[in-house]
Amino acid sequence: MTSIFYARSGMGRKVRAQALVASDGFSARYDLDRIRGVFSRPEHKLAGESYRGRVLVLDAAKGGVATAWMLHEMKARGVMPAALVLNRANPIMVQGAALAEFTMISGFDLDITKAIANGAEVEIDPQAERPFIRVV
Amino acid sequence: MKLTDEEAAMRAGEFGPLRQWAIEHQISVGSYLGAGDFVPVTQAHLMADTESLGRAGVEWLEGWAKLPQPHRQVRVPTITDPRGTDFAHAQRLKQQPWMVDLERRAIAALEALGVLMTDTCINYQTINPPVRGEHLAYGDTGVVIYSNSVCGARSNFEGGPSALSAGLTGRTPRYGYHLDVHRQATFLVELSWTPRALNEWGALGGIVGRLAGDYSQVPTLLGLERVPGPDEMKHFGAALASFGSVALFHIAGITPEATRLDDIMPAGRDLRTHQIGEADIRALQAQYAKDVGEVDLVVFSAPQLSLLEMQMLAGLLDGRSTTIPLLAVTSPQVKPDCDRLGLTARIESAGGTVLSGMCFYQSYAREMAEANGWRRLASNSAKLVNILGGYGYRPVLLSMEECVAAACAGGRLSAGARG
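Residues numbered from 1 in each chain as written. Chains lettered and ligands numbered in written order. Predicted model: local features only at pLDDT ≥ 70, side-chain atom pairs only at ≥ 80, totals over all residues.

Enquirer: How would you summarise the overall build of chain B if you had to cite specific residues and measurements?
Expert: What chain B contains, in helices and strands, is 17 helices and 14 strands. Here chain B has a C-alpha radius of gyration of 22 Å; the compact-globule value for 419 residues is 22 Å, and the two agree. If one aligns the C-alpha atoms of chain B with their principal axes, the spans along those axes are about 65 × 60 × 35 Å. Looking at chain B as a whole, 55% of its 419 residues qualify as buried. The long-range fraction of contacts in chain B, counting pairs at least 24 apart against all pairs at least 6 apart in sequence, stands at 79%. (Helix = DSSP H or I, 4+ residues; strand = E, 2+ residues; numbered from the N terminus. Rg over C-alpha atoms; globule rule 2.2 N^0.38 Å. Buried ≥ 20, exposed ≤ 12 C-beta atoms within 10 Å, placed from the backbone. Contact = placed C-beta atoms within 7 Å.)

Enquirer: Would you mind going over the environment of A7(A) in detail, with residue names and values included?
Expert: All names here are of chain A. Along the chain, A7 falls in the loop between β1 (4-6) and β2 (9-11). Classification of A7 as buried rests on a count of 24 C-beta atoms within 10 Å. Considered as a pair, A7 and S27 are 20 residues apart in the sequence and their alpha carbons are 20 Å apart. Excluding residues within four positions of it along the chain, A7 makes contact with I105, S106, G107, F108, P131 and F132.

Enquirer: I'd love a proper account of the sheet that holds strand β6 (residues 187-191) of chain B, names of residues and values included.
Expert: Residues and elements named next belong to chain B. Strand order across the open sheet formed by 4 strands is β8-β7-β6-β9, with parallel pairing between neighbours. At either end of the open sheet lies a strand with only one pairing partner, and these are β8 (250-251) and β9 (273-276). Of the strand pairs in this sheet, β6 and strand β7 (residues 219-222) are connected by 4 bridges, and their pairing is parallel. Counted as the bridge partner of V189 is L221 from β7. (Pairing = 2+ DSSP bridges.)

Enquirer: Help me get a handle on the packing of helix α2 (residues 67-77) of chain A against helix α3 (residues 50-65) of chain B, residues and values and all.
Expert: At a minimum axis distance of 7 Å, the contact between α2(A) and α3(B) shows a crossing angle of 50°. With respect to their mutual orientation, α2(A) and α3(B) come out oblique. Handedness of the α2(A)/α3(B) crossing: left-handed. Mapping the contact onto sequence places W69(A), M70(A), H72(A), E73(A) and A76(A) in α2(A) and S52(B), L53(B), G54(B), A56(B) and G57(B) in α3(B). Its residues placed into classes, the contact of α2(A) with α3(B) shows 5 nonpolar, 4 polar and 1 charged. (Axes fitted to C-alpha atoms, helices over the stretch in contact; angles between N-to-C directions. Parallel < 35°, antiparallel > 145°, perpendicular 65-115°, else oblique. Left-handed = near helix turned anticlockwise from the far one by under 90°. Nonpolar A, V, L, I, M, F, W, Y, C, P; charged D, E, K, R; others polar.)

Enquirer: How would you sum up the pairing of strand β10 (residues 132-135) of chain A? Please name residues and give values.
Expert: Residues and elements named next belong to chain A. As paired strands, β1 and β10 are joined by 3 bridges and run antiparallel to one another. Counterpart to F5 in the pairing with β10 is I133. With 4 bridges connecting them, strand β9 (residues 121-125) and β10 associate as antiparallel partners. Bridge pairing in β10 places D125 opposite F132. Taking the residues that link successive antiparallel strands as the turn, the β9-β10 hairpin has 6 residues.

Enquirer: Just give me the short version of unusual backbone geometry, but keep the residues and values in it.
Expert: Cis geometry is adopted by the peptide bond preceding P303(B), which originates at A302(B) and carries an omega value of -5°. Along the chain, P303(B) falls in strand β10 (residues 297-305). Unlike most non-glycine residues, E101(A) shows phi in positive territory, near 50°. As for its placement among the helices and strands, E101(A) is situated in the loop between α3 (91-100) and β8 (104-106). Among the residues examined, E101(A) registers 13 C-beta atoms within 10 Å and is labelled partly exposed.

Enquirer: Quick one: what's the story with the interface of chain A and chain B, residue by residue and with numbers?
Expert: Listed by partner, the interface residues are 33 residues for chain A and 30 residues for chain B. Among the elements of the structure, β2, α1 (28-31), α2 and α3 of chain A are those that each provide at least two residues to the side of chain A that touches chain B. A class-by-class count of the residues in the side of chain A that touches chain B yields 17 nonpolar, 9 polar and 7 charged.

Enquirer: Provide a residue-level description of the pairing of strand β6 (residues 55-60) of chain A, including the pertinent values.
Expert: Residue and element names in this part refer to chain A. Counting buried residues along β6, 6 of its 6 residues qualify, which places the element largely inside the surrounding structure. Relative to β6, strand β3 (residues 15-21) is paired through 3 bridges, and the arrangement is parallel. Bridging across to β6, V21 finds its partner in V57. Sheet topology places β6 next to strand β7 (residues 83-88); 5 bridges connect them, and they run parallel. Note on β7: the bridge partner recorded for V55 is A83. In this region the chain leaves β6, passes through α2 and returns to the parallel neighbour β7; the handedness of that crossover is right-handed. (Right-handed = clockwise from strand over helix to strand, strands pointing away.)

Enquirer: Provide a residue-level description of the nonpolar core, including the pertinent values.
Expert: By size, the foremost hydrophobic cluster in this structure holds 175 residues, and its most contacted members are V55(A), V57(A), V85(A), V298(B) and A328(B). Among residues more than four places away in sequence, those in contact with V55(A) are V15(A), A17(A), Q18(A), A19(A), L20(A), P81(A), A82(A), A83(A), V85(A), V122(A) and I124(A). (Core = buried A, V, L, I, M, F, W, Y, C linked by C-beta atoms within 7 Å.)

Right, here's the structure in full:
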């Protein structure tokens, strides 16, 4: 069974951590309690889950422009995910990841939220010639 | 990305370290998103409330603000989205002194960079409405979608760091909605009912946003019975962007790029078509109202209210008294007219509070809820209702009339408002 999945784009550093997976969107402002480090939007499939140090594997970037600052602010307080893996990014996630020097990859040939099991140990290399996520 | 001589010089640091950082940031973003080069922009609009910036973001701005003046000034007019407070009302909102201090520090730093503190998310109604084909670097999703769709201008969602970068370099990476190829319709929505109230336009935006699902989608509406006004377009677009991360829509026969439907239809492709009617809009509103019989406060915000919305609100409050907090948030450009024309006095004599230069969800909404004991909130803004769930609120989407009625009845919702 294939356990490596290639993305079209990536930025940031190599990361290895446990995956937190859901077929749902991501916005730092709409979805998170950034002080407690948990998903706080009641309708979100990860509501109540801690994202601290986890590789978030989600469907699409959602919400407003605030995430572009918020990833930087979350990193400064040390309460942030290890990386973000999305089927579809939007410019705000890319801009936020660039400012925070945060690891993100996006754009797969399959639905990455179906390919990675929740809780799996994963490795991400965004700087590889073809950026990838691999189940360890 | 292909760079001009001037861009290469910026990258080499010849225009100072801030412009060097800015163009590196833009190259990083542009490379990820497939930009081949840069496009000059005429304006930037910067979201920089301190709830998003945090202390780390403010300190980051303050570091750049210490540079010599020629190295720190923006090159194209750069204006701001709402702040995190209205200084005149911070105490009443029970915002903490540290929030107000942080806000003052952010303002000082941004002003040192040459940024105009306009503090508005309705600049397209009040400051300098964009022109068709104009390339921009706008932040605030509601500003971008209105400018792209209603004005025919060209901008991607530019978060604070990227909008600031565009202000400093005078350009932005050419990807997404700067390119013709991404501005064509990707799906169609056939309407069997035309919304009337602003909350209904917002609810329609929410439904279409959920159908869209991501930034690359360009929904195109068919079947509207009349031309929507600017505030209707504003609520529809803001909700569509909020629910769906959408930056461009067309309305056949109405918006400038879709005066002829064929102009925005991709050649040789059949587009999926969705049907939306009155029942769908009522269902979205009912979903929020379920099991809520009473609210703690009423908020009109997101986007900031236009002069005409303020007039409508003042008219609904005439001769009545609110018995729970009612907050009406407008821009610093509209507020003086509200004062001059007596609208502020009419709203406040009924017990409401007129706020200026902030937006409710960008103003420490979670901390305000905890300090004031607020949880259940009524608004006519679908965007606000969509956002506030994550901040611990139980929001309800009602018409402006229903919101005012609840505010004057101790928060109790009428039978109609409860769905």
